[in-house]
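# Reading the structure
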Amino acid sequence: MAAGRPYGPNDPSLMSSLETAVTGARRPGPAELAWNWRWELGLLAVLAVPSGLIARLLLWPPARPWCVSRAWCLITPHRVRAGCVNAWVQTRTGKLPFILATTPMADGERVRLWLRAGLTAADLHAARDVLAAACWATEVRVVRSPTRAQLVTLEVIRTRHPERLQLTPQAWPFSRHGAGDGLGDTEGPDTRRWPGGAVPAPRSNPEEGLDDWRGPAPVPDDVLSS
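Not measured: the values here are computed from a predicted model. (Residues numbered from 1 in each chain as written. Predicted model: local features only at pLDDT ≥ 70, side-chain atom pairs only at ≥ 80, totals over all residues. Heavy atoms only, no water.)

This paragraph deals with the layout of surface pockets. A probe as big as a water molecule, rolled over the atoms, marks out the empty space that is left. The space that makes up the largest pocket amounts to roughly 670 Å³. The wall of the largest pocket is formed by 26 residues, among which L43, W66, R70, A71 and L74 lie closest to the centre. Secondary structure elements with two or more residues in the lining of the largest pocket: α2 (30-36), α3 (38-46), α4 (51-59), α5 (64-86) and β1 (98-105). At 10 residues, α5 tops the list of elements feeding residues into the lining of the largest pocket. (1 Å grid on protein atoms, 1.4 Å probe; cavity = no way out; pocket = protein on both sides within 12 Å on 5 of 7 lines; lining within 4 Å. Points joined across faces, edges and corners; volume = space filled by probe spheres on them. Helix = DSSP H or I, 4+ residues; strand = E, 2+ residues; numbered from the N terminus.)

This is the structure we're talking about:
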């Protein structure tokens with residue numbers, strides 16, 4: 001659930017949550033509906049006759065990944081809208097985020113959204129598990145625009161690559177340590193450093209160097225008696 005769910009009996013967001021719970025998603029108008037289904041309508045108009053060409057492309061191995069990635073770009077926007085409806089990511093009047101474009105990437109799709117007034121990137125971040133399940137994906141990442149708060153990109157991850165397990169610096173929310181904070185990738189905030197950057201070599205004999213802190217060796221008794 002997004003940031004409107006109450007946390008106690010006296011939570012001031014209780015009325016807002018009740019209003020959101022009883023408010024259904026508003027149906028899009030004719031213009032918005034035509035925009036949402038623009039690619040599907042265009043494909044029906046253009047590929048009504050040469051439908052056999054699509055089957056031939058699917059049977060051609062080099063063209064198969066291209067066709068599959070473009071098919072996901074058509075399916076994912078509708079799944080994102082379904083996920084937003086079930087996660088209550090909508091305005092008080094029932095309007096959903098406006099999907100600007102969907103482009104393929106190496107491990108999934110990238111969906112660019114325009115957030116209407118009343119929605120924030122935190123609402124999408126709180127609903128990322130619901131969106132991932134709705135998109136039949138492994139993970140959904142929320143990337144906020146660094147200059148425009150109303151522009152948000154959803155990275156729908158379908159295939160995990162070992163070299164891409166780390167989040168990009170632009171991923172939201174940002175990492176705890178920023179650039180130039182003096183900490184490397186493998187160093188923590190309390191990593192101990194030796195003066196001058198020189199680390200002493202390990203001792204071959206465990207007893208070596210113990211006289212430095214034990215003090216001087218005891219004097220034999222025959223020496224004291226003489």
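Of all 7 residues that make up strand β4 (residues 151-157), 6 are buried, and the element is covered over most of its length. Where strand β2 (residues 108-114) and β4 come together, 7 bridges link them in antiparallel fashion. Bridge pairing in β4 links W114 to L151. As paired strands, strand β3 (residues 139-144) and β4 are joined by 6 bridges and run antiparallel to one another. Directly across from E139, in β4, lies its bridge partner I157. With antiparallel pairing between neighbouring strands as the criterion, β3 and β4 make up a hairpin whose turn holds 6 residues. (Buried < 20%, exposed > 50% of the residue type's maximum accessible area, 1.4 Å probe, protein only. Pairing = 2+ DSSP bridges.)

Position of T102 among the secondary structure elements: in strand β1. Look at T102 and you get buried, because its relative accessible area is 18%. Excluding residues that lie within four positions of it along the chain, T102 makes contacts with C73, P77, E109, R110 and V111. (Contact = heavy atoms within 4.5 Å.)

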